[in-house]
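# Examining the three-dimensional arrangement
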Amino acid sequence: MRDLAEKWSVAPDWQSATIEVPGLKISPITGLHQRLVSGDLAAWAEVSGFDGTAAGAFGLTEGIRYSVRLARDRLLVVSSNPLAIPAGWHGEGLAVTTISAGLQVFEVEGPALDAFIARGTTLDPRQPSASAALSFAGVSAIVYRHENRLRIHVDRGLAAYLWTWMEQAAGHIAAGN
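Summary of the structure given here. What you are looking at is a predicted structure, and each value in this text was computed from that prediction instead of being measured.

## Quick notes on unusual backbone geometry
At F58, a residue that is not glycine, the phi angle is positive and equals roughly 65°. Its relative accessible area of 4% is what places F58 among the buried residues. One non-glycine residue, E147, lies in positive phi territory at about 55°.

## Comments concerning the environment of A112
Tracing the chain through its elements places A112 in the loop between β9 (103-109) and α2 (113-120). Among residues more than four places away in sequence, those in contact with A112 are G23, L24 and I173.

## Points about the sheet that holds strand β3 (residues 33-39)
Sheet architecture is open: five strands sit in the order β5-β6-β3-β8-β7, paired in antiparallel fashion. The open sheet has two free edges, formed respectively by β5 (65-71) and β7 (88-90), since each of these has just one partner strand. In this sheet, adjacent strand axes meet at a mean angle of 25° when their direction is disregarded. Both β3 and strand β8 (residues 94-98) contribute to a ladder of five bridges, which runs antiparallel. By the bridge assignment, S38 is partnered in β8 with A95.

## A closer look at the packing of aromatic side chains
Summed over all chains, the structure comprises eight aromatic pairs. Between W14 and W163, the aromatic rings sit 5.5 Å apart at their centres with planes inclined by 80°, giving edge-to-face as the arrangement. Highlighted residues: W14 in the segment before β1 (19-21) and W163 in helix α3 (residues 159-175), separated in sequence by 149 residues. In this pair, the class of W14 matches that of W163, namely buried.

## Some words on the pairing of strand β2 (residues 24-29)
Of all six residues that make up β2, five are buried, and the element is covered over most of its length. Two elements, β1 and β2, share three bridges in a ladder whose sense is antiparallel. Within β2, the position partnered with V21 by the bridge is L24. Hairpin connection between β1 and β2: a loop of two residues separates the two successive antiparallel strands, and G23 in this loop has a positive phi of roughly 90°.

## Concerning the environment of G56
Topologically, G56 is positioned in the loop between α1 (41-48) and β4 (60-61). For the pair G56 and M166, spaced 110 residues apart in sequence, the C-alpha to C-alpha distance is 22 Å. Setting aside residues up to four positions removed in sequence, G56 forms contacts with S129, A130, S131, A132, V143 and Y144.

Scoring rules and cut-offs
Residues numbered from 1 in each chain as written. Predicted model: local features only at pLDDT ≥ 70, side-chain atom pairs only at ≥ 80, totals over all residues. Heavy atoms only, no water. Buried < 20%, exposed > 50% of the residue type's maximum accessible area, 1.4 Å probe, protein only. Helix = DSSP H or I, 4+ residues; strand = E, 2+ residues; numbered from the N terminus. Contact = heavy atoms within 4.5 Å. Pairing = 2+ DSSP bridges. Axes fitted to C-alpha atoms, helices over the stretch in contact; angles between N-to-C directions. Phe/Tyr/Trp six-rings, centres within 6.5 Å; stacked < 30°, edge-to-face > 60°.

Below, the structure written as structure tokens:
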């Protein structure tokens, strides 16, 4: 029987992997707690203590706990610490799903960040949109700014592909292509 696994990129060790070229550094981020919130977002703000603001594409987030808008009724909540609100259906009209293991997070920084973004999407990074869910490097991703870096969340099954794409993009940027 043919081994189809040979067609897929081998995932690097996410604990130590780094892409570094002049003007650009890309690293996986591990240990973040990620929750998908669906339904009544006003009720979520009351239950969770979040202020109700959520960043869209290329929007700015700060701190150890923040939310990113994915749709009119959906948020990705990211935190360095576990959230006290349990996963599951809540009578207030919302559902909370733990998806930390399902999404790989990458962080990109450096003066060549705009060139990197231009290779990944046709969207203008100076024009934040309401939703951080977009097509980046040919895959569905969640893209926003966290402090002075770009964060990209992608389905874990696509992480090795995106890593390979980022290695190639960084190489082209470093070479001036």
